[in-house]
Structure formats: structure tokens, C-alpha cells
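Chain by chain, the residues run as shown.
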Amino acid sequence: MDLRYSEADEKFRAELGAWLKEAVPAHGKAPSIHDWPGRRAYDTGWQRKLFDAGYAGVNWPKEYGGRDATLTEQLVYYEEIARAHAPYVGVNFVGMLHGGPTVITEGTEQQKAKHIPRILRGEEVWCQGFSEPVAGSDLAALQTRAVRDGDVYRVTGHKIWTSFAQVSDYCELLVRTNPDASKHKGISWLIMPMDLPGIDIRPLPTIIGDSDFSEVFLEDVPVPVENLVGEENDGWRVTNVTLRFERGTAFASEMYQLQESLRDVVEIAKRVTRHGVVVWEDRALRREVGHLQSELDSLWAMMKLSVSETAQTGMPGLGASAIKLYYTELYQRVCELALGVLGRAGLAREDVGGLPTQDALRRMLNSLSLTIAGGTSQVQRNIISERILGLPREPR
Amino acid sequence: MDFRVNEDQAALQEGIRSFCEGRVSIEQLRELEGKGFESELWSELAEMGVFGLRLPEADGGVGLGTADAVLVFEELGKALVPGPLAWTHLAAGLVDGAADGTAVVGGLDLSDGHGAPYIIEHFENLDVLLLLYADRIERVAPKALDAKPVATPLDPLTPIFEVSEIPEGEVIGGAEDAQRMRFEGAVLVSGQLLGITETTLAMSLEYTKGREQFNRPIGGFQALKHIMADCFVRQEATRAVVYAAGATIDDPLAGDVSRAVSSAKAMAGESAWKNSRAAVQLHGGMGFTWEVPVHYYLKRTRVLENVFGTSEEHADALAEGLGQAVA
Ligand SMILES: Cc1cc2nc3c(=O)[nH]c(=O)nc-3n(C[C@H](O)[C@H](O)[C@H](O)COP(=O)(O)OP(=O)(O)OC[C@H]3O[C@@H](n4cnc5c(N)ncnc54)[C@H](O)[C@@H]3O)c2cc1C
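Notes on the structure in this doc start here.

**Details of the overall build of chain B**
The helix and strand tally for chain B stands at ten helices and nine strands. For 327 residues, the compact-globule estimate of 2.2 N^0.38 gives 20 Å, and chain B sits close to it at 20 Å. When its C-alpha atoms are laid out on the principal axes, chain B stretches across 65 × 50 × 40 Å. The proportion of buried residues among the 327 residues of chain B is 58%. For chain B, restricting intrachain contacts to residue pairs at least 6 apart in sequence, the fraction spanning at least 24 positions comes to 69%. Surface exposure of chain B reaches about 13300 Å², of which carbon and sulfur atoms provide 49%.

**Points about helix α10 (residues 357–370) of chain A**
Residue and element names in this part refer to chain A. The end-to-end C-alpha distance of α10 is 20 Å, a good match for the 20 Å that 14 residues give at a rise of 1.5 Å each. Within α10, burial applies to Thr 357, Ala 360, Leu 361, Arg 363, Met 364, Leu 365, Ser 367 and Leu 370. Buried residues along α10 sit in contact with α7 (252–271) and α9 (320–342).

**Description of the interface of chain A and chain B**
On the side of chain B, 52 residues touch chain A, which itself brings 49 residues to the contact. A:Arg381 is paired through a salt bridge with B:Asp230; the nearest N and O atoms lie 2.8 Å apart. Where chain A meets chain B, there are 23 residue pairs in polar contact (both at pLDDT 80 or more). Broken down by secondary-structure element, the contributors of at least two residues to the side of chain A that touches chain B are α3 (71–83), α7, α8 (283–313), α9 and α11 (377–388) of chain A. The element that contributes the greatest number of residues to the side of chain A that touches chain B is α8(A), accounting for 18 residues. Taken together, the residues of the side of chain A that touches chain B break down into 20 nonpolar, 13 polar and 16 charged.

**What to know about helix α1 (residues 7–23) of chain B**
Residues and elements named next belong to chain B. A rise of 1.5 Å per residue sets the reference length of α1, with its 17 residues, at 24 Å; its end C-alpha atoms lie 24 Å apart and thus fit the reference within 8%. Gln 9, Gln 13, Ile 16, Phe 19, Cys 20 and Arg 23 are the residues of α1 that are buried. Buried residues of α1, viewed axially, fall in a sector of 125°; they line one side. Facing away from the buried surface of α1 by more than 90 degrees, the exposed residues are Glu 7, Glu 21 and Gly 22. Its buried side turned inward, α1 meets α2 (26–31), α3 (39–47), α4 (66–78) and α7 (222–250). Capping the start of α1, Asn 6 holds a side-chain oxygen 3.1 Å from the backbone nitrogen of Asp 8, two or three residues further along.

**Focus: unusual backbone geometry**
With the exception of glycine, most residues fall at negative phi, and the peptide bonds are largely trans. Here the bond from B:Ala116 into B:Pro117 is cis, since omega is 0°, no more than 30 degrees from zero. In this structure, B:Pro117 sits in the loop between β1 (105–109) and β2 (118–121). Not every positive phi belongs to a glycine, and A:Trp161 is a case in point at roughly 65°. Checked against the element boundaries, A:Trp161 lands in strand β3 (residues 152–163).

**Observations regarding the side chain of A:Asp43**
Residues and elements named next belong to chain A. Within the secondary structure, Asp 43 is located in helix α2 (residues 36–52). For the buried Asp 43, no salt bridge is present, and the opposite-charge side chain at shortest range is Arg 39, 5.3 Å distant. If we ignore the near neighbours within four places in the chain, the residues touching Asp 43 are Tyr 88, Val 89, Gly 90, Val 91 and Asn 92.

**Here's the deal with the site of the ligand**
The full set close to the ligand counts 17 residues, and A:Gln128, A:Ser137, A:Trp161, A:Thr376 and A:Gln378 are the nearest of them. Chain contributions to the surroundings of the ligand come from chains A and B. Here an oxygen atom of the ligand and a side-chain polar atom of A:Ser137 are 2.6 Å apart. Here A:Gln378 contributes a side-chain N or O atom positioned 2.7 Å from an oxygen atom of the ligand. Compared with its free state, where it exposes 970 Å², the ligand has 66% of that area covered by protein. The set of elements that each furnish at least two residues to the shell around the ligand consists of β3 and α11 of chain A. In terms of residue count, the dominant contributor to the shell around the ligand is β3(A) (three residues). In terms of residue class, the shell around the ligand is made up of five nonpolar, twelve polar and no charged. Domain assignment of the residues forming the shell around the ligand places at least three in each of domain 2 (127–233) and domain 3 (248–388) of chain A.

Rules used throughout
- Residues numbered from 1 in each chain as written.
- Chains lettered and ligands numbered in written order.
- Predicted model: local features only at pLDDT ≥ 70, side-chain atom pairs only at ≥ 80, totals over all residues.
- Heavy atoms only, no water.
- Helix = DSSP H or I, 4+ residues; strand = E, 2+ residues; numbered from the N terminus.
- Rg over C-alpha atoms; globule rule 2.2 N^0.38 Å.
- Buried < 20%, exposed > 50% of the residue type's maximum accessible area, 1.4 Å probe, protein only.
- Contact = heavy atoms within 4.5 Å.
- Areas by Shrake-Rupley, 256 points an atom, 1.4 Å probe, with all protein chains shown as cover.
- Expected span 1.5 Å × (residues − 1).
- Salt bridge = Lys/Arg side-chain N within 4 Å of Asp/Glu carboxyl O.
- Polar contact = N/O pair within 3.5 Å; in protein donor to acceptor, adjacent residues only side chain to side chain.
- Nonpolar A, V, L, I, M, F, W, Y, C, P; charged D, E, K, R; others polar.
- Arc of directions from axis to C-beta.
- Lys, Arg positive; Asp, Glu negative; His and termini not counted.
- Near = heavy atom within 4 Å.
- Domains from an automatic or database assignment.

Shown next, in the form of C-alpha cells:
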């Protein structure tokens, strides 16, 4: 039960911290949410800087351009990135946080050599084509068909909620390759180039007012057979690898960032007045802040324990569901607390009265998606109660 | 950094677990209702090293750290072992006979500044009473106090006495010692609360898997499954933060001790309470009976919640710290 970071870890922290101190302000302000070429350039440009400085893919193998760092260095990395308010992974989310890791774990040598270095350098943007109108929580009900035709699969179907589809180069795509098998048995995991003929992307406006996700219509799209990851019809197993990464480690930096968000709440509370007194003097507010601090510390300790275990197995365990569930619900509580503190200032989506309302409101609205995306909170509770606690299963 | 429980620690915990399973079963606890103390058991706990665990070997102790002690107290919490465990453990090295079990040491935490009535646990079994103030530790002989027994304590295994006036005692520690005792006490008790958090979930699982209604195990109803999933998340989060507090006391360079301790105690108190309450609900009418031991856990939680700082006091302390850190 050793919690202390080693001297080497602290040296890494100091170097990274010093680099971030220059690099973050130098990268400038994020472009408008509607400026897609600008957003892609901003996010991938940051990824390239990380790569050039040796900080891309801290836990990825060296042979594909990663840093192959120790697990504690990864944690230090997450902490420092959050502390420095570095740009969010943004459009690199799928490639860096679950698509790439899945290819590293399950892909062929050729697939790894082709994609991993380019993802790391910010040259390849990925999206996730899992959900369909008929297949949300019941992901295995997906119907998008892939029919083998020589060297290609001909893919036809309808994906939805595909984040960043409009700026992606590749899509981690789930398709049905055997319609006669039971629903979990006929699925395959493909890498689909987004520039193939037959792909139609229609952005969907979100409650934030951006259009970060889209519907993607696929008609007779010829995806090369060599882009199959894992075996044909073994895609459900590969999917679970992807989902473990998506739920387990993908949010580490944001998780630590929540500590910063809680500090922001305190800062705002010290600047606003209600009933003639500074809001921070409100004992009920302070107590809730204290409880949240305790819970955020618990969450981060959980993450440390989980990472210590992952170091042995290479992949997050089922406990990832517990972390995802807890993190997303805490995130919403912090955001709601901020909303309460802002009061009427929280009616504005841009900064008013010198308060950081724009950011607080964006985070609050976005927080509502966290308990839906990546498997809803209810689905995580099903997974925990059935697969960890051994309670009877839901019909499936 | 490798935050996992290591092999030695797992063995230590396993040793205490099997001792408790054999020696402190629910049937044996029932026998102790109203008494909450058995001197033989106390000697055996001392022999197991429960009290002298962190005392240096040169002084007759086991020479282990706070993280190790947390694992031991987690097991004591799971088994509901009664008695002034944390106080006697904390007194090892400070009060002769505490480590080897010949002196039973209790305590009263006055560092939060609360006034009368003063409630003291296990008073009639104490050889020494510690008074923990914010700036010092005193010891007094129990007979110097005018203590009235409370006929019906909330926890049937933790007898309490009421005292209206606190005499002056002999000062045996200064402000630093007092603070250390408060931190260590909070972490040990958090270990016990973690144990309660775990056992009450285990009881809920066992019961809901076996009990059938509407021709199926009630554990298959999603409304109950989701309650237990939340109990599990709470348990895992509490385990992590409580272990982290123990490890931080052992190695203050690994974090901020005061924050780590407050986070642990605030979390553990909340979790033990929520999971025990959930257990009552999930057991239905059975959960409301004296026979099913869920209520022992629920009641012990209140005892442990109200020593070395309540969840709310620790939450306030955390907010205070954060407020100071934010200009
Ligand atoms: C911002 C955002 C980004 C996303 N990005 C992507 C992406 O890039 N790629 C992608 O493939 N998908 C993406 N998704 C989709 C996401 O994975 C799905 O929305 C999610 O899995 C839920 O599916 P659904 O929307 O069909 O809701 P439904 O499954 O219809 O759920 C509706 C409600 O019913 C509940 N429910 C459903 N089944 C059960 C059950 N068995 N037990 C209890 N309750 C149940 C749910 O918890 C929910 O509250 C994104 C979603 C959002 C919000």
C-alpha cells in the first residue's frame, strides 16, 4: 500500500509541468464550437505538440511512438494535464482513449504499424460507430450489415450519436457479419475509413447548441477485409475491450480536473453576494463542498487502486464500471453546485459580471451527457450488480 | 507507487479475519448484549497484536504501520468486535499495560469542544480514561468521575455512561500528540466503518439472492439490484480513501495528512450509514427484527460516527482547507 510517487515520477512531473507552463498558453484559445476545421486543427495541433515533446501516449508501446512509461507516470501525466488546464483531448478522444488502445490490444501488426503512430501524432482522427437507433443500451441488437464480397465487406446501415464524425478519418465500426447467429455472436469490429463512398454524415444539434454528434448513414460502403480487428464474428469480445478502456481510463484527466472545478465553485462563492453576505459564508454550501471534496478524494484513490491493479493485467477490470458510474454522478453534483452558487448569473451562457459563467454552464449542460454516453448509469448498475455482485440477470 | 494491498498485509488481514470468524460469531455477540466486554476476548485480541500493532518491536509491539492497522480494524469492524478498541490501541506506548491487554483504556474526545452531557463508552470496564482535548491529552482514573450508567444504550454491545462534569487529569501529551491521536483514531475508526460498509452489503446480497417473492429471487428486481450496485460503489470508494489515509499517515510525503484523514472519516461515516440503512430496507420485515443482526451494524455505525469527528465536522474541515487554498 505504497502511495508515494518515486523520485523519477517527481522528476517527470517537474519536466512535464515546466513544459505545460509554456505550451498551454502558447496554444491559444479554443476556436468556436461551430468552427469544425478550426477545432480539428486546434485539437490535433495540441496532440502533435504533445508528441513532439515526448508526452503522447504515455502508456503506449515505444515501437509505435508511445512513451512506454510506468503506470505511475501515467497518473502523474493525468494530474499535471488537469492542473495545467491543458486543452481537452477533443476530437482525439476515440483514437487516443479507446480506439487506439483496442488496436494495440487486439489489432494485427500491420494495423498497429499503420494507425498507432498516426493517432499519436495527431494525423488521424477516429470516431465511434457503435450506437444505432435500435441499439443503444442494448448495443448487441445492432443491425448494420456487413457482407463479405472478395477483399471487402459491403456495409449498409444507420449509426447515430457518432461524435466528431464530421472531422474523422476512421471509424471504429460495429457490424453484423452473421445475422443467423445469436445476437452477441454475429458481430465484428471494423476500422472504416471515413472517405469511402456511401457514407452520409448528418450532424445533430445537442442541448449545448453544438453538433458534436451526428447520424451516419452507410450504403454499400466497401470496407477492406484487412481492416477487421479480431476474428470475424468475435466482435462482441473486442467491443468489451473497447468499453473497458472507455469506462476505465478514458476519463482519468477529467476526473482529476473535477478537483479544479470544485475549487472554481469556491472561488465563485467567494465573489458573489446574496442576502448581503458572501455566498461562501453559507454553512450548508460549505458542508456540501466538504463532502464533495471527500468524495472526489475517494474517487481519485479508487483510480489509484485501479491503476495499480491494471498494471498487472494490462486492461481495466470490471471495476471500471464502478469508477465510471461514480465519476459521472459526482461530476453532475459539482456542476449543480456551481449553478446554485451562480444564481441569476447562471442564466447567461457567456461571462457576466466577471464570472466564468460560460465555462460553468457549458460544463453543467455537458455533464448531463456523461451518465448517458459510454453506457448509461443504469446500464453500469446492471453490470455491477450482475457481473460483480452475482445477482440475477436482466432479460437480454 | 503501488497502492495494492501487499502479501504481508493480506496475510495479516486474513489472520485477524479467521480469528474473528472463530471467536466473535453473531451467536457469541448475542451473549455479550448489555455487557459489550469480555476480558478473555480482550486478552486474546492483545495476543493477536491488535493493540501493540504499531508499537515498535523494541517496546514489545509488532512494529507495523497505520496502513496495516487499518486492515486489522476493517476486520474488527466487519465482525463487530466490541470494546474500546481504538482507544486502547492508541494508548499503547502511552499507558502501561495497554499493548498487552492488561489495562483497558477508553477515552472521551473533547477536541470538538462539545459540552455536557458527556457520554463515555464501556466505562465500567475501563482501567484508564483518556481525555482528548484540542491541545493536550490527559489521563484520569475512572473512579475520579461521577458516572451514571445509561440503562438502554443505542448499541446493545456498547454500554454507555453519562458524566456531567469532567475532572482535571494528568497531562500526558501536548498539542501535537493530541492532533496525532485524533488523526490516527479517525483512521482506525474509519477502518471499522469500512468493515461495516462491506458486511452490510454482503448481508443484503446473501438475503436477496435467497429470498423469493413473485416466484423469483428478490435480488433479481432491478430496483434492488441498483441499490446494491450503489452500495458496492460506495464500498469501493470508501476502501480506497480509507486505505489512502492510512498510507498517508505512514508516509506524510505521499499527501496531505489532515485532508486524507478528513476525507476518509467523512466518507466512511456516510457509507457505513447508507449501506446499513439499505440493508434494513432490503431485508424487509426481517430487517426490522432484533434477530437479524443488521441493526447491530446500524447502531455501531452511530457509535463510530460520533468519535474523532463526525462526517459533518470532517466535511467542514475539508471545506475550510479548500477555502484557504483558494485566494
Ligand atoms: C454526448 C453523447 C455522445 C455519444 N457519442 C457516441 C459515439 O461517439 N458513438 C456511439 O456509438 N455512441 C455514442 N453515444 C451513444 C450512447 O452510447 C448511447 O446514447 C447510450 O448507450 C444509451 O443509448 P440510447 O441513447 O439508445 O438510450 P436507451 O438505451 O434508449 O436508454 C433510455 C433510458 O433507458 C434506460 N435503460 C435502457 N436499458 C435499460 C436496462 N436494461 N435497465 C435499466 N435501464 C435501462 C437508460 O439508462 C436510459 O435512461 C453518445 C451519446 C451521447 C449522449
